[in-house]
Amino acid sequence: MITSGLQIVYTQDEVAFVQNLVYYVERAYRTPDYGMWERGSKYNDGTPEIHASSIGMAKSALEAINGCNLFGEKGASWSVIYVDIDAHNRNRSIFETMLPRESSSKGVDASLIPTISFPAFATHEDVLCVETKANVIRRLKGRYGFKRFCRDGYKCMLEDTKKRYYRNGETKEFEGIECEWPLFYIFMIIDGVFKSHPEQIEEYQNLLKSKIKRDMNGDPVIPMYFFVHEDNIEFEKQENGSQMRLPSGEGSGVKGMFLWNQAMFVISQLLTAGLLHINELDPIRRYLPSYNRPRTAGRYSAFQAKPSLQGTATDLVVQIVLIAESMRLQAMMATYGIQTQTPHEVEPVQIWSSRELVKVYKQLGVNSKLNLNGRPVRPIGALGTSKVYRVCGMTVLCYPLIFEVSEFYLYRDMALLIDDIKTELQFVGRYWRLSGRPTVCLLIREEHMRDPQFKEMLDLLAMLKKGYCDGMKVRIGRLQNLISSSCIEHLDFMNTVDTSEMTFQQFRQLEHEYIGYQSLTDVPRALQYTEDPKTFQALENKPLHELLDTLRNTEGVYARCQLYGMLLKREGLKYEFNGLTVEDHLKNLYHHAGCLRYWVAVRYCSSLLHHTVDSISPFITTVLVNGKQLTVGVIGHQETVFDKPMTPAEIQSVMYSTIQPYDIIQAVLQQEVVLYCGRLIATNPEMFKGILKIRVGWVLEAMKLYLQMTSDSKPLESHSPYQVRQLLHKVLSVREWATQESLTPLQRRRLEGCLCRVPIHFYVQVWDVMSRTPQGITVQGSHLPQHPTLSNMTQSELNFALLVEEMLNHIQKPEYRQTVVELLCIVSTILTRNPELTFQNQLDLDHLVKEAFLLYCKDNKTEKLDDLTPFFSTHYSMTTGYLARAVVNNVLQGGQLATGSGSDNDIGQEEPCRIS
């Protein structure tokens, strides 16, 4: 409205109010809400959930408001609205990941039409738009309009309007008789105009024509919805679409107009008649991709990218500035042919930590009159630190979060930092959506020189110097030469802030007594440290003085860590020994072990000191909003499920209460894996396909199994953080390399079973099995009943899949778990090919596996043992044959095979191994 020339906002208070609204909207990607229909989950039981339509609308709103001057063309610098580009990117990526699904309970929802088309135009990825629209049409389109979503009871004759929420399982009653809303015919007409689809316009104009009513003045009105009369409900349920639907009183001229329908109808008819142009309806050109929209006036960075190829601007170059911590480090780097600048050399430009920038943004939107506190203290992400900032008369470049020195030990691993740099550059190049080039500041510290893997850092810098980073175009240069082509953000709002008491700390250059070239040997290198592992369990119940004597006479770093751990458990952190508290001793050991890169001791101390990974909360949230859940806990003990975003304090409490009592090192090792999963799922979501719940304890078990398979005798906790990340990558990609590396069927089943990965369409197959198994499915003491499971849920919803996953996770042996997954696929295949079959009794999966094992023993003339490992070791085609025979025998023995259905050979004729 402001773009079209209307003046709406008049005061600075209103500007501050809108700016603070932005901070709320930025969090839409992680905020469960009640959706467009204000009902939350499909069950209408008061439960909110993450909705794609909500995130899409928020993402569009952020794009539209960013850089907008609320006072219009003549506004001043202090009336401009700022949006965090990283927050926008998180909403974009999560929204596009969720499509074509709406939420966990709603596989599809008509609200996605106005989200991907007018008015939001939340994505311009053609494939996603086509797939989402087709999904909505296929599953929700009716003869009178679109259903809002499957099993929607709103305004249905069976709905009890006196109740706020539905009872458990009630939504099943609404299946097939949901109201149909002509509003979405109108949206499809408007979509056809914007997308230039004349056949779509004609189709929906014709469908709408017969639904138009007339009011008392003879003017056309559109009913709010069409419903099935209660007399016809049973007939409609028996044959979908067989009964006439009646128009609602609302919008039919009886109870007045339904204004939403009426407004959209007027717009659609003006568009199709040529009396209204799409640019008049959409003056900010949301319908165009960002690179085709008119540039907004002003000097603020707006989302303006060039045409993309697979998500990356075709000619995008990521600019890189190398900053050396000291002049002697700069001289040393020069001997390797790497040209760097020191903080003094880039002056008057200042190098900042992104934490300083957070302090600046904290002032944005502060308003004492309305008691608004400005931007929450949220970290600045990779895209935000790739801009050059003009603030308070200074020019500033911030280095990324990966260069922050933190309490947690990950920053000490050079190989991990190198990998993070590559990931950061790839991420920035892939998701940059601003005019100007991104400029990334890479810090090189003196302690990096001491690392045993510094040569790998030099190799990376040499690669960047050649102009490429894993296929991404990069350019290393002097900061003064790169500023003109950078994306520059003017933080003019600081002109209205009292900065007299604000101080900003720039990155400090290390000064040494003398300047100039120094020998590389002047910087001491980290030593390779090893130690014979010892355990001190014998001291657990010994008197305190014996423990203290042992401590005085022990030199080993890891040994002392364990002993101080015992002392901590007995006497607490503040107990004094040799003039220092236990806490101080542990901190010293932690620092010493870190300098030595002695990872088992580093992790042990870190756990005892209750360290938490920096910014772990966003990584957990990234996993969750990608449709996965996380569990942490030691195998054999209670697990904690992360199924909603949590604060860092809550996460720390869970890690140290759920894990540390049973395994001290896993309390931090599982945090590492959570962090790596969060990073990996953001860049390689395909690696998690088939995994619904990432059970971190079991993922660690998979990594240990892989080490055993490769004869790596070093314990997992002794590997560096980078090696742990590589191991995670390896086990998650087992499908890609299992055949090439001659993995045995048993080994592969164990790895896949630890991950609890299932084939595509697996949960749909289980649904089909459940529908033919009135007594339900049981395995390892866990029972999944047919009802109310099938009556409460629908085939495609995530909640049903989670129920099945929970049942499978009662199986403790991973190879057994994976074999049960294979068995369920076989049962589904047999039932699909033989529609007359049902299981009259409970489907006992344990019984079927044992039956298959007995058949295997009989055929191979081997002794029948309690250990089923020989069976789990057989090739997949052979296992399939025995499992299929066991299923068919079970059906035959139970008298469940209908007369004339054919022999058991007919049932299995298309299986990889014929049933005999």
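From a predicted model like this one, the values you see are computed outputs, not experimental measurements.

A. Just unusual backbone geometry, in detail. Here the amide bond leading from leucine 99 into proline 100 is cis, since omega sits at 5°, within 30 degrees of zero. With an omega of 15°, the peptide bond running from histidine 787 to proline 788 counts as cis. Residues other than glycine seldom take positive phi values, yet lysine 155 does so here, at roughly 70°. Tracing the backbone through its elements, the reader meets lysine 155 in the loop between α5 (126-140) and α6 (183-195). Positive phi, normally seen in glycine, also occurs at asparagine 578, with a value near 55°. For asparagine 578, the location among the structural elements is in the loop between β17 (576-577) and β18 (580-581).

B. Quick peek at the packing of helix α28 (residues 762-771) against helix α30 (residues 798-808). Relative orientation of the contacting elements α28 and α30 amounts to 85°, with a least axis distance of 10 Å. It follows that α28 is roughly perpendicular to α30 by the angle criterion. The segment α28 lies against α30, with Phe762, Tyr763, Val766, Trp767 and Met770 engaging Phe800, Ala801, Val804, Glu805 and Leu808. Here the contact of α28 with α30 is composed, by residue class, of 9 nonpolar, no polar and 1 charged.

C. Local environment of the packing of helix α24 (residues 696-709) against helix α27 (residues 745-755). Packing of α24 against α27 leaves a shortest axis separation of 8 Å and a crossing angle of 160°. The angle between α24 and α27 falls in the class roughly antiparallel. Helix-helix and strand crossings are classified by hand; for α24 and α27 the assignment is left-handed. In this structure, α24 contributes Trp698, Val699, Glu701, Ala702, Leu705, Tyr706 and Met709 to the contact, and α27 contributes Gln747, Arg750, Leu751, Cys754 and Leu755. Classifying every residue of the contact of α24 with α27 by side-chain character gives 9 nonpolar, 1 polar and 2 charged.

D. Structural view of the confidence of the model for the protein. When the pLDDT values of the protein are averaged, the result is 89; 94% of them are 70 or greater. This stretch, residues 305-313, has a pLDDT under 50; its non-local contacts, to residues over four places away or in other chains, come to 17 contacts. Every residue in residues 897-916 scores below 50 in pLDDT, and together they form 33 contacts with partners more than four places removed in sequence or on other chains.

E. Inspection of the nonpolar core at higher detail. With 87 residues, the main nonpolar core has Met655 and Met703 as its most contacted residues. A per-element tally of this core places helix α23 (residues 666-683) first, with 10 residues. Once you skip the residues sitting within four places of it in the chain, methionine 703 turns out to touch Leu716, Val724, Leu727, Leu728 and Val731. One finds Leu802, Val804, Leu837 and Phe871 within the second-largest nonpolar core, a separate group that totals 55 residues.

F. Region of interest: helix α34 (residues 876-893). Its 18 residues give α34 an end-to-end C-alpha distance of 26 Å, which sits within 8% of 26 Å, the value for a rise of 1.5 Å per residue. Those residues of α34 that fall on the buried side of the exposure criterion are Thr879, Thr880, Gly881, Tyr882, Leu883, Ala884, Arg885, Ala886, Val887, Val888 and Val891.

G. Up close: the sheet that holds strand β7 (residues 318-324). Within the open sheet, the 4 strands sit side by side as β13-β7-β15-β14. Their pairing is mixed. Whereas interior strands pair on both sides, the edge strands pair on one side only; in this sheet they are β13 (439-444) and β14 (468-469). Here β14 runs beside strand β15 (residues 472-476); their pairing, made up of 2 bridges, is antiparallel. Bridge assignment links cysteine 469 to a residue of β15, and that residue is methionine 472.

H. Summary view of the pairing of β15. Both β7 and β15 contribute to a ladder of 3 bridges, which runs parallel. Bridging from a neighbouring strand, valine 318 pairs with valine 474 of β15. Between β14 and β15, which follow one another and run antiparallel, lie 2 residues, and aspartate 470 among them has a positive phi close to 50°.

I. View of α24. Between the first and last C-alpha of α24 there are 20 Å, a value that for 14 residues agrees with the 20 Å anticipated at 1.5 Å per step. With respect to burial, α24 is a largely interior element, 10 of its 14 residues being buried. Looking at α24, one finds that the buried residues are Val696, Gly697, Trp698, Val699, Leu700, Ala702, Met703, Leu705, Tyr706 and Leu707. Positive backbone phi, approximately 60°, marks serine 711, located one or two places after α24.

J. Structural context of a nonpolar patch on the surface. On the surface, Phe17, Leu21, Tyr24 and Leu370 cluster together into a nonpolar patch covering about 440 Å² of accessible area. Along the chain, leucine 370 turns up in the loop between β9 (366-367) and β10 (372-373).

K. How the structure looks around the packing of aromatic side chains. The full count for this structure, using the stated rule, is 37 aromatic pairs. Linked through ring pairs, Trp37, Phe146, Phe184, Tyr185, Phe187, Tyr204 and Trp260 together constitute an aromatic cluster. In this arrangement the basic side chain of lysine 211 is found over the ring face of tyrosine 144, its NZ or CZ atom lying 5.5 Å from the centre. In this arrangement the basic side chain of arginine 817 is found over the ring face of tryptophan 698, its NZ or CZ atom lying 4.5 Å from the centre.

L. The arrangement of the pattern of salt bridges in detail. Going through the model one piece at a time under the given rule, you end up with 43 salt bridges. Close ionic contact of aspartate 419 with arginine 725 constitutes a salt bridge, the shortest N to O distance being 2.6 Å. Of this pair, aspartate 419 sits in helix α13 (residues 414-431) while arginine 725 sits in helix α25 (residues 721-732), and the two are 306 residues apart along the sequence. Residue aspartate 419 is classed as buried on the basis of its relative accessible area of 18%. Measuring nitrogen to oxygen at the nearest pair gives 3.4 Å for the salt bridge that ties glutamate 752 to arginine 735. Separated by 17 residues along the polypeptide, glutamate 752 in helix α27 and arginine 735 in helix α26 (residues 734-737) bring together distant segments of the chain. Taking relative accessible area as the criterion, glutamate 752 reaches 4% and is therefore assigned buried.

M. Geometry of the sheet that holds strand β20 (residues 640-642). The 3 strands lie next to each other as β20-β19-β21, forming an open sheet whose pairing is mixed. With one partner strand each, in any of the chains shown, β20 and β21 (693-695) form the two edges of the open sheet. This sheet shows a mean twist of 25° between the axes of neighbouring strands, independent of strand direction. Bridge count between strand β19 (residues 629-632) and β21: 3 bridges; the pairing is parallel. Across the sheet, the residue bridging to leucine 630 is isoleucine 694, located in β21. Where α24 meets the sheet, its contacts fall on β19 and β21, and the angle it forms with β21 comes to roughly 60°.

N. Highlighting the side chain of glutamate 325. Inspection of the secondary structure puts glutamate 325 in the loop between β7 and α11 (327-335). The side chain of glutamate 325 is buried and forms no salt bridge, while arginine 445, the nearest opposite charge, is found at 4.1 Å. A polar side-chain atom of glutamate 325 sits 2.8 Å from the main-chain amide nitrogen of glutamate 446. In this view, glutamate 325 contacts Ile444, Arg445, Glu446, Phe507, Arg508, Gln509 and Leu510; residues no more than four positions away in its chain are not counted.

O. Region of the structure containing the environment of phenylalanine 265. Position of phenylalanine 265 relative to the elements: it lies in helix α9 (residues 259-272). Classification of phenylalanine 265 by relative accessible area gives buried; the value is 10%. Spatially, the C-alpha atoms of phenylalanine 265 and serine 53 are 22 Å apart, while their sequence positions differ by 212 residues.

About the criteria used
- Each chain has its residues counted from 1, running along the sequence as written.
- Local features in this predicted model are restricted to residues whose pLDDT is 70 or higher, and side-chain atom pairs enter the listing and the counts only when it is 80 or higher, whereas totals over whole chains, interfaces and linings include all residues.
- Side-chain descriptors were evaluated using all non-hydrogen atoms of the structure, hydrogens and water having been removed beforehand.
- Helix numbers and strand numbers start at the N terminus; a helix is a DSSP run of H or I with at least 4 residues, a strand a run of E with at least 2.
- Inter-axis angles, ranging from 0 to 180 degrees, are taken between N-to-C directions of lines fitted to C-alpha atoms, where helices are fitted over the stretch in contact.
- Orientation is classified from the angle alone, with under 35 degrees giving roughly parallel, over 145 giving roughly antiparallel, 65 to 115 giving roughly perpendicular, and any other angle giving oblique.
- In this analysis, two residues are considered to be in contact whenever any of their non-hydrogen atoms come within 4.5 Å of each other.
- Residue polarity is assigned by list, with Asp, Glu, Lys and Arg as charged and Ala, Val, Leu, Ile, Met, Phe, Trp, Tyr, Cys and Pro as nonpolar; anything else, Gly included, falls into the polar class.
- Handedness of a crossing is defined here by the sense of rotation of the near helix relative to the far one, left-handed for an anticlockwise turn of less than a right angle and right-handed for a clockwise turn.
- Predictor confidence is given residue by residue as pLDDT, running from a minimum of 0 to a maximum of 100.
- Here the nonpolar core consists of buried residues drawn from Ala, Val, Leu, Ile, Met, Phe, Trp, Tyr and Cys, with membership extended through side-chain atoms lying within 4.5 Å.
- Any residue under 20% of the maximum accessible area for its type is buried, any over 50% is exposed, and the rest in between are partly exposed; the area is computed with a 1.4 Å probe on protein chains only.
- Multiplying 1.5 Å by the residue count of a helix minus one yields the expected span of that helix.
- The criterion for strand pairing is that DSSP finds at least two bridges linking the strands in question.
- Here the term patch refers to residues with relative accessible area over 30% and no salt bridge, with like charges joined within 9 Å and nonpolar side chains (Val, Leu, Ile, Met, Phe, Trp, Tyr) within 5 Å.
- Computed by Shrake-Rupley with a 1.4 Å probe, the accessible areas treat only the displayed protein chains as cover when residues are assessed.
- A pair is scored as a salt bridge if a Lys or Arg side-chain nitrogen falls within 4 Å of a carboxyl oxygen belonging to Asp or Glu.
- Any two rings among Phe, Tyr and Trp, with Trp reduced to its six-membered ring, count as a pair given centres within 6.5 Å; such a pair is stacked if its planes are under 30 degrees apart, edge-to-face if over 60, and tilted if neither.
- Working rule: Lys NZ or Arg CZ, within 6 Å of ring centre, within 35 degrees of ring normal, means a charge sits over the ring.
- Counted charges follow a simple rule, with Lys and Arg positive, Asp and Glu negative, and His plus the chain ends left uncounted.
- Polar contacts, as counted here, are pairs of nitrogen or oxygen atoms within 3.5 Å of one another; within protein the pair requires one atom able to donate a hydrogen and one able to accept it, and residues that are adjacent in sequence qualify only if both atoms are side-chain atoms.

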